[in-house]
Amino acid sequence: MSETPPTKRLDHRLPERFLPIVNYDLCRVCRRCVNDCSYQALEFRESKVVASGGCVACGRCIAICPANCIEIRPVPPQFAPHGNWSERSRRSILAQASSGGVLLSSCGADDEHPAIFDDLLLDAAQVTNPSIDPLREPVETVTYLGRRPGRLEVCDGKVMVREDDTPLIRMDMPLMFGHISLGSISYNAQQALFMAAKELNIVAGSGEGGLHPDFYQYADHICSEVASGRFGIKPEYLKEVAAVEIKIGQGAKPGHGGHLPGEKVTTMISETRMIPRGTDALSPYPHHDIYSIEDLAQLISVLKESTEYRLPVGVKIAAVHNVGAIASGIVRAGADFLTVDGFKGGTGAAPRVIRDHAGLPVEVAIAAVDRRLTQEGLRNRVTVCAGGGIRSSADMIKALALGADVVMVSTSAMVAMGCRVCQQCHRGLCSWGIATQRDDLTSRLDPNVAAARIVRLFRAWNEELKEVLGAMGIDAVESLVGNRDRLRYRGPNPKIAEVMNVKHIGEGWG
Amino acid sequence: MKDVCKPKGHAHECDCGKECLKVEGDRAVIDLSLSPAQPMHYTTLNCVMRKAMRRGCSSIELKGVMGQRYLASTASAPDLYIAVHGTPGNDLGAFLNGPTIEVFGNAQDMTGNTMNSGRIIVHGNAWDVTGLAARGGQILVKGDTGYRVGIHMKEFGGSRPTMVIGGTAKDYLGEYMAGGTILVLGLGGGAPVGRSLGAGMHGGRIFVRGTVGLEQLGPGAAIVPLSPDDEKEVRGLLGEFENAFGAEVPGEMSEYVKVAPSSSRPFSGYYDKTNV
């Protein structure tokens, strides 16, 4: 005999993922947590603060609580255990069966693909090549971005460069901030990045959102981006900056375009992007004038003509399976620098299916690009930048040793500002005032404070880089770039070591 | 290997193309046939054009252009007039910001790429991807255009790009269009537009003289009736076309079809933001 069917209509509501717990013994009922929670996951009811659902673990309440009485607990599994049908797979199915929509997320791929960086061990100098104390001896971290001239010519006592050579940009460390547009992040957040880039003497990407008039004061440290939407491009956006980068792809969403929802297109964003307020800002998937390397060469050339060869023009691609050959084409097309954005790179919004499943880990991509360009005699002419999930100075150092000249970071800079990587950027409710355009939220982020935090973080990374260089007995970061002999692989799959041209642990030189 | 060089970090006053440049008052004439290097390299031609612009010339006449690319990119003087005799190469007037360029011949691909303001008048055909991502200014083409013309044109504030094509346009006209106006007259006969018209458009408007079948429309595009304001805009553009080319234009409004986006928010409801 079967059961009586339930009379209540099922709504397949998903269980909560996180639960904020308030310790009422300590709570002073100041309600700052309730006021600050932009996800409205806390409410004040019957004289106490209670959870009201929808917590995303952004951690704002914990940070703001003067009594230190809130903790956020992950809700334990609410589904019957199953080795194949993970909780997320079942939650995704239930959500999509209700909405029929494409699952959207943000930040980088969050599933537990182990990072290859964690499988790499650094070398150090012993006996035969003495190590260096970076506090007492100079260890050079200055890095140049741009195309290296094959030769110099002297004409009438002046150093001449050939017409097709563009100058190099000097940076104090082998680091740049990735492209994060105004629109995906707030005015204050972008200002903090630009201020920090200026202070650190490195370059920050503008993202594809144009450049706010207030930010031209940082133009010497900004790399402006020309992407498929061509938003906000005007002569000064190309001419007054340090470098221009053509964005073909982004590591978090290879092959996918950008999409800033109309809600985020405020008056300020519409003026900077030069589009009507409240309309979706769509960056097409491809550049419609680039269907080949020859077409890319034309866009590079027109940007060089437009900027009168006074600044480097680069190309950024997502790391994909054939990245080596594509990189070779890009260098042959005339790019002065090349940026490879790995599979774990961040985003303000991307379909989960692409973010989590498409692309190539940046470690492998760097090695593939470095090897291919070296084989073809092109590597010494171009600067290779790489990023996508760089979490620490160790990741940065390993990326350099694998073959990148410059490491691109974005999420780490966000985290320095306050981001807790809760992956809700696409909702525009960022309680830290970073990935939002709501005035009450953006005002929470003080650009001066945020910039100082970013500066401290990356100065510390640079010191750590010097420590490692010194320990390896290397006195200039250029000598680390592509020096894969100073890495060993200890991971589960020796094939990865083979494709990266890195020796296995235990393998020596002789 | 080019035979020109310039001091690094200095103003780019060099000898590039000096044989070809004649300046009288504020009028410059650049005759490419006088160049010792034939054909003249585009970097040389652009360099000599910039030299004329820096001298404050209000008109630059180019003679004997043979496919040189990237002419007048980011040129910004609003009163500058550039006459091009011959055939300019790809990316003519890219990022153009004010000047008027008149081409007495055909233009190649990507004319007016990402232009901000100014005018480009082509007394011939202009081929693929003309007016890509333009957000202001005007492009007038007397003859036919190729594929993917007017892709991702947009508008902002008082800045609205307009394009009039005297002949026909091929497939994907106005794809991804986010603003601006395209008018196709189909004067030489034949189908005025191809397939996938306005695919993915979420702003702007396309007027076509003649018939547009529903099967020619791309996703996101719809045929809607012309409003009195639309008729006024079409008449205004017809007037400008007539002034530019001295051609007779048909002004019977019943012959025109308007194609407009079915939504300005094509992705609303497309995504599921559930925190899975």
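Residues numbered from 1 in each chain as written. Chains lettered and ligands numbered in written order. Predicted model: local features only at pLDDT ≥ 70, side-chain atom pairs only at ≥ 80, totals over all residues.

A word on the nonpolar core
All names here are of chain A.
Working step 1: Grouped together as the largest cluster of nonpolar side chains are 217 residues, with contacts concentrated most on Leu193, Val203, Leu338, Ala404, Val407 and Met417.
Working step 2: Among residues more than four places away in sequence, those in contact with Ala404 are Ile366, Val384, Cys385, Ala386, Ala399 and Val481.
Working step 3: In this structure, Val22, Cys55, Val56 and Ile70 belong to the second largest nonpolar core, which totals 15 residues. (Core = buried A, V, L, I, M, F, W, Y, C linked by C-beta atoms within 7 Å. Buried ≥ 20, exposed ≤ 12 C-beta atoms within 10 Å, placed from the backbone. Contact = placed C-beta atoms within 7 Å.)

A short note on the interface of chain B and chain A
Working step 1: Taken together, the 51 residues of chain B in the interface contact 49 residues of chain A.
Working step 2: Sorting the residues of the side of chain B that touches chain A by element identifies strand S1 (5–7), helix H1 (42–54), strand S10 (178–184) and strand S14 (271–272) of chain B as the ones contributing at least two each.
Working step 3: A class-by-class count of the residues in the side of chain B that touches chain A yields 19 nonpolar, 19 polar and 13 charged.
Working step 4: Note that strand S5 (residues 102–105) of chain A and S14(B) share two bridges and pair parallel. Its bridge partner lying in S14(B), Val102(A) is registered against Tyr271(B). (Helix = DSSP H or I, 4+ residues; strand = E, 2+ residues; numbered from the N terminus. Nonpolar A, V, L, I, M, F, W, Y, C, P; charged D, E, K, R; others polar. Pairing = 2+ DSSP bridges.)

Remarks on the domain arrangement of chain B
All names here are of chain B.
Working step 1: Domain annotation of chain B identifies domain 1 (13–124) and domain 2 (134–244).
Working step 2: For domain 1 versus domain 2, the separation of C-alpha centres amounts to 27 Å.
Working step 3: Contacts between the two partners involve 14 residues from domain 1, matched on the other side by twelve residues from domain 2.
Working step 4: Each residue belonging to the side of domain 1 that touches domain 2 can be placed in one class, and the counts come to five nonpolar, eight polar and one charged. (Domains from an automatic or database assignment.)

Observations concerning the sheet that holds strand S23 (residues 503–504) of chain A
Residue and element names in this part refer to chain A.
Working step 1: Pairing within the open sheet is mixed, and its three strands lie in the order S6-S22-S23. Each of the sheet's edge strands pairs with one partner strand only, and the pair in question is strand S6 (120–122) and S23.
Working step 2: The sheet contact formed by strand S22 (residues 487–489) and S23 spans two bridges and is parallel. Looking at S23, one finds that Arg488 is bridged to Lys503.

Describing the domain arrangement of chain A
Residue and element names in this part refer to chain A.
Working step 1: If you check the domain split of chain A, you get domain 1 (13–76) and domain 2 (119–504).
Working step 2: Each of domain 1 and domain 2 has a C-alpha centre, and the two are 37 Å apart.
Working step 3: The interface is formed by nine residues belonging to domain 1 together with seven residues belonging to domain 2.

Comments concerning the confidence of the model for chain B
All names here are of chain B.
Working step 1: Taken residue by residue, chain B gives an average pLDDT of 92. The fraction at 70 or more is 95%.
Working step 2: Scored below 50 in pLDDT, residues 1–12 makes 26 contacts in the model with residues more than four places away or belonging to other chains.
Working step 3: For this predicted complex, the interface score ipTM comes out at 0.94, alongside a pTM of 0.94. (pLDDT = per-residue confidence, 0-100.)

Digging into unusual backbone geometry
Working step 1: Going from Gln38(B) to Pro39(B), the amide bond is cis rather than trans, its omega being -10 degrees.
Working step 2: Position of Pro39(B) among the secondary structure elements: in the loop between strand S3 (27–31) and H1.
Working step 3: With a phi close to 65 degrees, Arg31(A) is a non-glycine residue in the positive phi region.
Working step 4: Its place among the elements puts Arg31(A) in the loop between strand S1 (18–22) and helix H1 (32–36).
Working step 5: Here Cys107(A), not a glycine, exhibits a phi torsion of approximately 60 degrees, which is positive.
Working step 6: Structurally, Cys107(A) is set in the loop between S5 and S6.

Regarding the pairing of strand S18 (residues 337–341) of chain A
Residues and elements named next belong to chain A.
Working step 1: Across the five residues of S18, five count as buried, placing the element largely inside the fold.
Working step 2: Neither face of S18 is exposed, since Phe337, Thr339 and Asp341 on one face and Leu338 and Val340 on the opposite face are all buried.
Working step 3: Direction of pairing for strand S17 (residues 313–318) relative to S18: parallel, over a ladder of five bridges. If you follow Val315 over to S18, its bridge partner there is Leu338.

Points about the packing of helix H8 (residues 323–332) of chain A against helix H10 (residues 362–375) of chain A
All names here are of chain A.
Working step 1: With their axes 8 Å apart at the nearest point, H8 and H10 run at an angle of 50 degrees to one another. By the angle between their axes, H8 is oblique relative to H10. The crossing of H8 and H10 is right-handed. From H8, Val323, Gly324, Ala325, Ala327, Ser328 and Val331 reach across to H10, where they touch Ala365, Ala368, Val369, Arg371, Arg372 and Leu373. (Axes fitted to C-alpha atoms, helices over the stretch in contact; angles between N-to-C directions. Parallel < 35°, antiparallel > 145°, perpendicular 65-115°, else oblique. Left-handed = near helix turned anticlockwise from the far one by under 90°.)

A few points about the pairing of strand S14 (residues 243–247) of chain A
Where a strand is regular, its side chains alternate between the two sheet faces.
Residue and element names in this part refer to chain A.
Working step 1: Judged by how many residues are buried, S14 sits mostly within the fold: five of five residues are covered.
Working step 2: By the alternation rule, side chains of S14 split into Ala243, Glu245 and Lys247 and Val244 and Ile246, which are all buried.
Working step 3: In this sheet, S14 lies alongside strand S13 (residues 222–226) in parallel orientation, the contact comprising four bridges. Bridging across to S14, Ser224 finds its partner in Val244.
Working step 4: Pairing between S14 and S17: four bridges, direction parallel. The residue of S17 that forms the bridge with Lys247 is Lys316.

Some points on the environment of Asn23(A)
Working step 1: Looking at the element boundaries, Asn23(A) is found in the loop between S1 and H1.
Working step 2: C-alpha of Asn23(A) to C-alpha of Arg88(A): the two residues are 65 residues apart in sequence and 30 Å apart in space.

Let's talk about the sheet that holds strand S21 (residues 406–409) of chain A
Residues and elements named next belong to chain A.
Working step 1: On the basis of which strands lie adjacent, the closed barrel formed by eight strands has the order S11-S12-S13-S14-S17-S18-S20-S21 and parallel pairing. For this sheet, the mean inter-axis angle between neighbouring strands, taken without regard to orientation, is 25 degrees.
Working step 2: Bridge count between S18 and strand S20 (residues 383–387): five bridges; the pairing is parallel. Bridged to Val340 within S20 is Ala386.

A closer look at H8(A)
All names here are of chain A.
Working step 1: Taken residue by residue, H8 has Val323, Ile326, Ala327, Ile330 and Val331 as its buried positions. Down the axis of H8, the smallest arc covering the buried residues is 135 degrees, so these residues share one side.
Working step 2: Contacts made by the buried residues of H8 are with helix H7 (293–306), S17, S18 and H10.
Working step 3: Residue Gly334 follows H8 closely and has a positive phi angle near 110 degrees. (Arc of directions from axis to C-beta.)

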